Amino acid sequence: VADIPNLFNAAERVVLTAFDVRNVIEDVASFLKHEAASKRIRRELQLPGDPITIHGRQSEVKLALLNVACSLVEATRQGGRIGFHVTSNADMAEVVLSADEAQVDQISVSDYEQSALMSKGNNLGMLVARLIVEAHGGEIRIDISKEHQRVTVRALLPLYIPPPR
């Protein structure tokens, strides 16, 4: 029989770690390999040579970015392109996921949830992504260009600053 009180206490002991967000993006791009190939969607990965370290729950950040990427693959027409790009400035990591040849008529940004991408009923995944990114001290920005059939989602996450020694 499971010890229920200890089960709940275990959830409280979640450890935050410093991790390289480039590895997360590589995993997300790799995970989507077969689905993208089935739609003849090109995946383009642009990662810097140096680590971009953030602090938090790596599995949650991966889930957030995977939700965004799945929404973009779902909204991209056959033969389109999905881009994965990571950069950073002095205090923020910027993860940019973009889709060319997106079916932008099926994507909108709701007035109520400004950061939730709506794509063929997949808005719950985008809402989860937004909540995870915000819980990590970041934000999600979405740009939709109907003229160019392009969707760009930017996840901004605070960089890890090691404590002074």
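Scroll up for the structure.
Residues numbered from 1 in each chain as written. Predicted model: local features only at pLDDT ≥ 70, side-chain atom pairs only at ≥ 80, totals over all residues. Heavy atoms only, no water.

1. Regarding the nonpolar core
A general trend in soluble globular proteins is that nonpolar side chains are found buried together. One finds L65, F84 and L97 to be the most contacted residues of the largest nonpolar core, which totals 38 residues. Going through the elements one at a time, helix 2 (21-31), helix 4 (58-75), strand 4 (76-88), strand 5 (92-102), helix 5 (123-135), strand 8 (139-145) and strand 9 (150-158) are the ones with two or more residues in this core. Looking at which element gives the most residues to this core, the answer is helix 4, with eight residues. If sequence neighbours within four positions are ignored, L65 has contacts with V24, I25, V28, V95, L97 and A155. (Core = buried A, V, L, I, M, F, W, Y, C linked by side-chain atoms within 4.5 Å. Buried < 20%, exposed > 50% of the residue type's maximum accessible area, 1.4 Å probe, protein only. Helix = DSSP H or I, 4+ residues; strand = E, 2+ residues; numbered from the N terminus. Contact = heavy atoms within 4.5 Å.)

2. Re the side chain of R22
Looking at where R22 falls in the secondary structure, it is placed in helix 2. From its side chain, R22 meets the backbone oxygen of G49 in a polar contact 2.7 Å long. The residues touching R22, leaving out its near neighbours within four places in the chain, are L47, P48, G49, D50, P51 and I52. (Polar contact = N/O pair within 3.5 Å; in protein donor to acceptor, adjacent residues only side chain to side chain.)

3. Looking at the packing of helix 2 against helix 4
Two numbers describe how helix 2 lies on helix 4: the axes approach to 10 Å, and their chain directions differ by 45°. It follows from the interaxial angle that helix 2 and helix 4 lie oblique. With respect to the hand of their crossing, helix 2 and helix 4 are arranged in right-handed fashion. Each of V24, I25, D27, V28 and F31 in helix 2 lies in contact with helix 4, whose residues at this interface are Q58, V61, K62, L65, L66 and A69. (Axes fitted to C-alpha atoms, helices over the stretch in contact; angles between N-to-C directions. Parallel < 35°, antiparallel > 145°, perpendicular 65-115°, else oblique. Left-handed = near helix turned anticlockwise from the far one by under 90°.)

4. Quick notes on the pairing of strand 9
The side chains of a regular strand alternate between the sheet's two faces. Note: strand 5 against strand 9, nine bridges, orientation antiparallel. Bridge pairing links V96 to R154 in strand 9. Relative to strand 9, strand 8 runs antiparallel, the two sharing seven bridges. Bridged to I140 within strand 9 is A155. In this structure, the hairpin formed by strand 8 and strand 9 is closed by a connection of four residues, where Q149 is found at a positive phi of approximately 50°. (Pairing = 2+ DSSP bridges.)

5. Quick word on the pattern of salt bridges
Under the defined criterion, the tally for this structure stands at ten salt bridges. Salt-bridge contacts for R154 lead to E94; the nearest nitrogen and oxygen are separated by 3.6 Å. Of the two residues, R154 is situated in strand 9 and E94 in strand 5; the sequence distance between them amounts to 60 residues. Classification of E94 by relative accessible area gives partly exposed; the value is 22%. Linking R150 and D100 is a salt bridge whose minimum nitrogen-to-oxygen distance equals 2.3 Å. Taken together, the residues R150 in strand 9 and D100 in strand 5 connect sequence positions 50 residues apart. Through salt bridges with shared partners, a single ionic network connects R42, E44, R81, D100 and R150. (Salt bridge = Lys/Arg side-chain N within 4 Å of Asp/Glu carboxyl O.)

6. Some words on the sheet that holds strand 8
The strands making up a sheet are joined through hydrogen bonds of the backbone, oriented either antiparallel or parallel. Read across the sheet, five strands follow the order 2-4-5-9-8 without closing on themselves; strand pairing throughout is mixed. With partners counted over all chains shown, the strands left at the sheet margins are strand 2 (42-46) and strand 8, one partner each. Averaged over all pairs of adjacent strands, the angle between their axes in this sheet comes to 10°, without regard to strand direction. Lying over the sheet, helix 4 contacts strand 4, strand 5, strand 8 and strand 9, oriented at roughly 20° with respect to strand 5.

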